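Observations on the three-dimensional arrangement
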Amino acid sequence: MITALAAIAVLLVLIIKVKLHAFYSLVIVSLLTAVVAGIPAADLVSTLTGGFGGTLATVALLVGFGAVLGRIVEISGGAKVLADTLIDRFGEKRAPLALSVASLFYGFPIFLDAGFVVMLPIVYTVARRLGGGLLLYALPAAGAFLMMHALVPPHPGPVAASALLGADVGLVVLIGLLVGLPTWYLAGYRLALVLARRAGYVDVPDLLGKPGGDVDQPRPSFGVILLVLLLPLVLIFCGTASNTAVQNYGADEENPLIVVLQIIGATPVALLITSVLAMLLLVVRPNRGRVGSRLEDVVDDALAPVCSIILITGAGGMFGRVLTETGIGGALADILNDAGLPLILAGFIIAIALRVAQGSATVAGTTAAGLLAPALAETPDLSALQLACITIAVVAGAITFSHVNDSGFWLVGRFLGLDTATTLKTWSVIATAIGFMAFGLVWLLYLVVS
């Protein structure tokens with residue numbers, strides 16, 4: 001545990017004081033930590049590359065396709081159309097709320113990484129139009145995505161924790177929304193506004209290419225933009241529904257319809273389909289097929305700026321893997337598990353310890369649920385509502401204290417053009433507030449239903 005704390009301290013010094021690029025800092029500290037912690041030389045490289053590749057396996061395609069989709073929406077004028085519509089409905093003074101509400105709905109089936117990247121061009125456009133700095137609009141949107149990703153199935157952490165603890169997924173969704181909506185409003189929206197103003201003005205970066213588009217190209221309709229943004233949601237929902245039908249209702253997994261729905265409902269495939277459709281509707285059709293090398297240029301313009309973000313995210317996964325392989329998280333969890341705490345509090349604290357130790361909210365929630373499951377099995381008088389509350393408490397703990405070993409920390413921070421210190425003061429505070437407020441509310445509900 002001393003090694004882990006020292007590694008995090010060295011990493012912060014390299015990034016904040018030495019100003020070494022986060023990608024190099026993460027790789028160097030991961031390597032040194034693995035050596036000091038005693039990972040065998042024969043397993044050293046495979047541990048590092050396994051953490052790196054395992055993270056990129058889920059992140060790279062989502063970021064890549066999401067960036068392309070976002071760039072197409074941006075250059076077609078679609079982001080401006082959507083921003084104008086939202087602002088007309090909510091009013092300019094409530095533009096941050098409009099973006100946060102849109103992110104809340106969009107974040108129900110879409111994982112944080114993909115949803116945040118897709119919403120970025122809209123956030124950028126509103127920030128450029130209304131002024132006040134990027135964070136005033138980006139942080140409320142990020143807070144909405146974070147709450148949904150942390151607490152509500154079909155996101156992986158809540159789903160895995162539900163399965164391990166034997167909780168009913170439908171009740172977890174219900175409790176997650178009941179607890180999550182006030183948590184989002186206070187910690188994900190109101191607190192985000194306070195932190196945005198405290199952090200000061202942050203200009204809109206050109207990570208998705210320079211703003212603008214074809215002046216002569218007609219603007220797409222609001223309906224077309226809504227289709228492009230909601231299609232991934234619909235496809236992923238179809239995939240989730242088909243998996244639920246197979247696992248819970250005995251549907252034939254070899255049924256052709258089920259197979260098709262599972263394929264197109266996979267998040268990378270859903271984003272691939274949507275980005276290709278966006279090319280056809282927003283680039284090819286307005287130009288009547290005369291696009292030349294334009295499609296290739298659009299993709300290149302979208303992918304080039306996110307290369308650094310993808311590498312940093314992978315390196316964050318590498319660092320998390322090294323900390324996991326040392327057994328630090330397990331040691332902390334065992335200590336807390338033996339302390340005799342109430343089950344709901346023990347699950348929350350164990351998840352926090354695992355989150356701090358290795359970075360991944362999904363891993364923290366899943367592992368904490370696995371460690372807590374034997375204790376729950378010895379308490380057979382727990383009701384279905386109590387099990388659902390304990391599940392939410394576990395995943396609430398798993399979202400807290402996002403810091404330098406969390407790939408999402410780097411993804412959001414770099415897309416917003418923030419340095420590490422500012423990301424800690426904004427994103428990390430919002431994540432921690434969401435986790436603690438959600439836990440406080442669900443513990444209160446747990447006491448009521450007990």
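It should be noted that the structure appears before, not after, this text.
These notes cover the structure that comes with them. (Residues numbered from 1 in each chain as written. Predicted model: local features only at pLDDT ≥ 70, side-chain atom pairs only at ≥ 80, totals over all residues. Heavy atoms only, no water.)

1. Brief notes about the overall build of the chain
Formally: Comment: elements are numbered from the N terminus, with helices defined as DSSP H or I runs of at least four residues and strands as E runs of at least two. Atoms counted for the radius of gyration: C-alpha only. Globule rule: 2.2 Å times residue count to the power 0.38. By definition, residues are in contact when any of their heavy atoms lie within 4.5 Å. Note on areas: Shrake-Rupley with a 1.4 Å probe; residue coverage comes only from the protein chains shown. Counted charges follow a simple rule, with Lys and Arg positive, Asp and Glu negative, and His plus the chain ends left uncounted. We put the charge of a Lys on NZ, of an Arg on CZ, of an Asp on CG and of a Glu on CD.
Helix and strand counts for the chain come out as 20 helices and zero strands. In summary, the chain has a C-alpha radius of gyration of 22 Å against a globular reference of 22 Å for 450 residues, a match within 12%. For the chain, the proportion of contacts with a sequence separation of at least 24, taken over those separated by at least 6, is 80%. When the accessible surface of the chain is totalled, it reaches about 18,200 Å², and 67% of it is carbon and sulfur. Between the mean site of the 22 positive side-chain charges and the mean site of the 25 negative ones, the chain shows a separation of 15 Å.

2. Remarks on a negative patch on the surface
Just so we agree on the cut-off: By definition, no residue in a patch forms a salt bridge, and every one has over 30% relative accessible area; like charges are joined within 9 Å, nonpolar side chains (Val, Leu, Ile, Met, Phe, Trp, Tyr) within 5 Å. When a carboxyl oxygen of Asp or Glu lies within 4 Å of a side-chain nitrogen of Lys or Arg, that pair is called a salt bridge.
A surface patch of like charges, here negative, comprises Glu296, Asp297, Asp300 and Asp301. When you line up the elements, Asp301 lands in helix α13 (residues 294-325).

3. Regarding the packing of aromatic side chains
Selection rule: Each aromatic pair joins two rings of Phe, Tyr and Trp (for Trp, the six-membered one) with centres within 6.5 Å, and gets the label stacked for planes under 30 degrees apart, edge-to-face for over 60, and tilted for any other angle.
Under the counting rule described, the total for this entry stands at nine aromatic pairs. Members of the aromatic cluster, connected to one another through ring pairs, are Phe348, Phe401, Phe436, Phe439 and Trp443.

4. Some remarks on the side chain of Thr274
Operational definition: Three exposure classes are used, based on accessible area relative to the maximum for each residue type with a 1.4 Å probe and protein chains only: buried under 20%, partly exposed in between, and exposed over 50%.
If you trace the backbone, Thr274 turns up in helix α12 (residues 267-284). Thr274 sits in the buried class, given a relative accessible area of 0%. Apart from the residues within four sequence positions on either side, Thr274 is in contact with Leu69, Val228, Leu231, Pro232 and Leu235.

5. A closer look at the pattern of salt bridges
For side chains of opposite charge, pairing can occur when their charged atoms come near one another. All chains considered together, the criterion is met by two salt bridges. Here Arg129 ties to Glu92 by a salt bridge, and the two come within 3.9 Å at their closest N and O atoms. Of the two residues, Arg129 is situated in helix α6 (residues 112-130) and Glu92 in the loop between α4 (78-90) and α5 (95-106); the sequence distance between them amounts to 37 residues. Judged by its relative accessible area of 40%, Arg129 is partly exposed. Notably, a salt bridge pairs Arg355 with Asp406, separated by 3.2 Å at the nearest N-O pair. With a gap of 51 residues between them, Arg355 in helix α15 (residues 343-358) and Asp406 in the loop between α17 (384-399) and α18 (407-415) connect regions that are remote in the sequence. Exposure class is identical for Arg355 and Asp406. Each is buried.

6. Describing empty space enclosed by the protein
Our working definition: Lining residues are defined by having an atom within 4 Å of a point belonging to a cavity or pocket. Those points lie on a 1 Å grid over the protein atoms alone, cavities being sets where a 1.4 Å probe fits but cannot get out and pockets being open sets with protein on both sides within 12 Å along at least five of seven lines. Grid points are joined across faces, edges and corners, and a volume is the space filled by probe spheres set on the points. Only Asp, Glu, Lys and Arg are considered charged in this grouping, and only Ala, Val, Leu, Ile, Met, Phe, Trp, Tyr, Cys and Pro are considered nonpolar; every other residue, Gly among them, is considered polar.
Inspection of the entire model under this criterion finds one cavity of 30 Å³ or more. As for the largest cavity, its lining consists of His149, Ala150, Gly157, Pro158, Ala361, Thr362, Val395, Ala398 and Ile399. Of all the secondary structure elements, the ones that give two or more residues to the lining of the largest cavity are α7 (135-151), α8 (156-165), α16 (361-377) and α17. A per-element tally of the lining of the largest cavity places α17 first, with three residues. Taken together, the residues of the lining of the largest cavity sort by class into six nonpolar, three polar and no charged.

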